[in-house]
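What follows is the residue order along each chain.
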Amino acid sequence: MRALLNALLPTARRAPEGPPEPPRARRQHNIFEAAATYVAACVEEDQDRIEEAAAWVSPEALSFGINELACRAVIALARERGESPQTVARSLLGLPGLPTA
């Protein structure tokens, strides 16, 4: 019986080789780092990087980070262009300007 168990469970009969390796510390990524990496990967059409960044945080956190990135980008462009954020956002999306009253 013992021989049968040893044959079926070969790792059970061997002593571990050396001390066990400590678990590798997995680097924690924050929402904004994930969002920046995700958006840049989307622009570059890098599917591997998109999937990697999407796995760093929850989908809700990633969505929040992307929203924050979009807001900051529109504000920066609006200041740079001397236009309203509304005008810049519509322009970036290829939408017509709002009619003036």
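Residues numbered from 1 in each chain as written. Predicted model: local features only at pLDDT ≥ 70, side-chain atom pairs only at ≥ 80, totals over all residues. Heavy atoms only, no water.

A. Structural view of the overall build of the protein chain. Along its length, the protein chain carries six helices and zero strands. Counting from the amino terminus, helix and strand elements in the protein chain follow one another as α-α-α-α-α-α. Looking at the protein chain as a whole, 15% of its 101 residues are labelled buried. Sequence separation of at least 24 residues holds for 40% of the intrachain contacts in the protein chain that already meet a minimum separation of 6. (Helix = DSSP H or I, 4+ residues; strand = E, 2+ residues; numbered from the N terminus. Buried < 20%, exposed > 50% of the residue type's maximum accessible area, 1.4 Å probe, protein only. Contact = heavy atoms within 4.5 Å.)

B. Molecular detail of a negative patch on the surface. Taken together, the side chains of Glu44, Asp46, Asp48 and Glu51 make up a negatively charged region of the molecular surface. By the secondary structure assignment, glutamate 44 is in the loop between helix H3 (31-43) and helix H4 (47-56). On the accessibility criterion, glutamate 44 (60% relative accessible area) is exposed. (Patch = residues over 30% accessible without salt bridge, like charges linked within 9 Å, V, L, I, M, F, W, Y side chains within 5 Å. Areas by Shrake-Rupley, 256 points an atom, 1.4 Å probe, with all protein chains shown as cover. Salt bridge = Lys/Arg side-chain N within 4 Å of Asp/Glu carboxyl O. Lys, Arg positive; Asp, Glu negative; His and termini not counted. Charge placed at Lys NZ, Arg CZ, Asp CG, Glu CD.)

C. Quick look at the environment of glutamate 51. Mapping glutamate 51 onto the fold places it in helix H4. Given a relative accessible area of 47%, glutamate 51 falls into the partly exposed group. Residues glutamate 51 and tyrosine 38, 13 residues apart in the sequence, show an inter-C-alpha distance of 8.0 Å.

D. Inspection of unusual backbone geometry at higher detail. In the Ramachandran plot, glutamate 45 falls in the positive-phi region, its phi being about 55° despite a non-glycine side chain. Along the polypeptide, glutamate 45 turns up in the loop between H3 and H4. Residue glutamate 45 is classed as exposed on the basis of its relative accessible area, which comes to 71%.

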